[in-house]
Amino acid sequence: MVKGSVHHKERFLNNIAKSLGRNRIQKEVNRPKWRKQPQYDVFKGESQDELVERLKAHCTHIHTDVIQVPQRHLNESLDKIVNELQGESIVYWDDPRFDEYGLTDYLNDSTSSVHRWDPELGQKNVQIAEQAHIGITFSDITLAESGTVVLLSDQGKGRSVSLLPTYYVAIIPKSTIVPRMTQATEMLHNMQQEKGYVPSCVNFISGPSNSADIEMNLVVGVHGPIRAYYMIVEDR
């Protein structure tokens, strides 16, 4: 990511400090170490398999279909979903994991119209995603507590893929599953500390959108994909 230039930074910060009636804080601010941090105790000690079962159980509450498949059967299982949805067009991320998990060849051989996100096409990618039946991404972090997939945007990982198609499929490597939001925010903080930046867009997706605003009648798929599928797979 290219870093931009900051203009008039000192004058801006001095003006804020003056308005607050104090001098500028020039030294580094250290985060306090709290004696009590209960957020880290939630589901503490649960194994990866236990987190998988917790994720599956919560998906029943967020109207999301979830399956767990061996990596060798990933193509076959994805093909069943595509056929079930009669997916005539598919859009997916330009993500090396599609190659690593052997999905690229399957998608290239598909009878559906398939588009891999291409940064050079710019806005045309969004238009293709808008018309697509199925959008497919990998999950970068997965929250067992809330059934949430966390997507970190990048040049080849457009957010439209999970938002605009009629249906959404998230492929979840088992190792990406963590207990809850606590671990996700910690990972993002560590990314900032190590790399100096975080993705410009971080999406937290917990199944298809839903609303009960009108007389408490639940409607699923209000905007965005009307159905969501999670595919949990062993890591390469």
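Residues numbered from 1 in each chain as written. Predicted model: local features only at pLDDT ≥ 70, side-chain atom pairs only at ≥ 80, totals over all residues. Heavy atoms only, no water.

A. Representation of the overall build of the chain within the structure. Along the backbone of the chain there are 8 helices and 12 strands. With the C-alpha coordinates aligned to their principal axes, the bounding extent of the chain is approximately 65 × 45 × 45 Å. A buried classification covers 40% of the 236 residues belonging to the chain. Considering only intrachain contacts with a sequence separation of at least 6, the fraction spanning at least 24 residues in the chain is 74%. Averaging the positions of the 26 positive and the 30 negative side-chain charges in the chain gives two centres separated by 13 Å. (Helix = DSSP H or I, 4+ residues; strand = E, 2+ residues; numbered from the N terminus. Buried < 20%, exposed > 50% of the residue type's maximum accessible area, 1.4 Å probe, protein only. Contact = heavy atoms within 4.5 Å. Lys, Arg positive; Asp, Glu negative; His and termini not counted. Charge placed at Lys NZ, Arg CZ, Asp CG, Glu CD.)

B. Examining the sheet that holds strand β2 (residues 89-92) more closely. The 6 strands are arranged β1-β12-β7-β4-β2-β3 in an open sheet whose pairing can be described as parallel. Only two strands of the sheet have a single partner each, and these edge strands are β1 (64-69) and β3 (113-116). Each strand axis lies, on average, 20° off the axis of its neighbour in the sheet, ignoring direction. As paired elements, β2 and β3 share 4 bridges and run parallel to each other. Paired with Ser89 across the bridge in β3 is Ser113. On top of the sheet, helix α2 (residues 48-59) reaches β1, β7 (167-173) and β12 (227-233); it is set at about 150° to β1, its chief contact. Contacts from helix α3 (residues 74-84) reach β1, β2, β4 (134-138), β7 and β12 within the one sheet, and its direction differs from that of β12 by about 170°. (Pairing = 2+ DSSP bridges. Axes fitted to C-alpha atoms, helices over the stretch in contact; angles between N-to-C directions.)

C. Main features of unusual backbone geometry. The backbone of His8 sits at a positive phi, close to 60°, despite the residue not being glycine. Here His8 shows up in the segment before α1 (9-19). Phi at Gln86 takes a positive value of approximately 50°, unusual for a residue other than glycine. Looking at the secondary structure, you find Gln86 in the loop between α3 and β2. Since its relative accessible area comes to 64%, Gln86 is described here as exposed.

D. Focus on the packing of aromatic side chains. Overall, the coordinates contain 3 aromatic pairs when judged by the stated rule. Taking 5.2 Å as the distance between ring centres and 50° as the angle between the ring planes, the aromatic pair formed by Tyr101 and Phe138 counts as tilted. With Tyr101 in the loop between α4 (96-100) and α5 (103-108) and Phe138 in strand β4, this pair connects stretches of sequence that are 37 residues apart. With respect to burial, Tyr101 and Phe138 carry one shared label: buried. (Phe/Tyr/Trp six-rings, centres within 6.5 Å; stacked < 30°, edge-to-face > 60°.)

E. Quick look at the pattern of salt bridges. Scanning all chains against the criterion turns up 14 salt bridges. Put simply, Arg54 and Glu46 hold a salt bridge, and the shortest N to O gap is 2.6 Å. Between Arg116 and Asp94 there is a salt bridge, and its shortest N-O distance comes to 3.0 Å. With Arg116 in strand β3 and Asp94 in the loop between β2 and α4, the pair connects residues that are 22 residues apart, well separated along the chain. Accessibility expressed as a relative area gives 33% for Asp94, which makes it partly exposed. Sharing partners across several salt bridges, the network here consists of Asp95, Arg97, Asp140 and Lys157. (Salt bridge = Lys/Arg side-chain N within 4 Å of Asp/Glu carboxyl O.)

F. Structural detail: the side chain of Thr104. With respect to the helices and strands, the residue Thr104 is situated in helix α5. Separated by 2.4 Å, the side chains of Thr104 and Asp99 make a polar contact. (Polar contact = N/O pair within 3.5 Å; in protein donor to acceptor, adjacent residues only side chain to side chain.)

G. Up close: the environment of Glu84. Its location among the elements puts Glu84 in helix α3. What Glu84 contacts, discounting residues up to four positions off in sequence, is Arg227 and Tyr229. Looking at Glu84, its side chain comes within polar contact range of the side chain of Tyr229, at 3.3 Å.

H. Spatial organisation of the sheet that holds strand β9 (residues 202-205). Sheet architecture is open: 4 strands sit in the order β8-β5-β6-β9, paired in mixed fashion. Sheet topology places β8 (177-178) and β9 at the edges, where each strand pairs with a single neighbour. Of the pairings in the sheet, the one linking strand β5 (residues 141-143) to β8 comprises 2 bridges and is parallel in character. In the strand pairing of β8, Thr142 is matched with Ile177.

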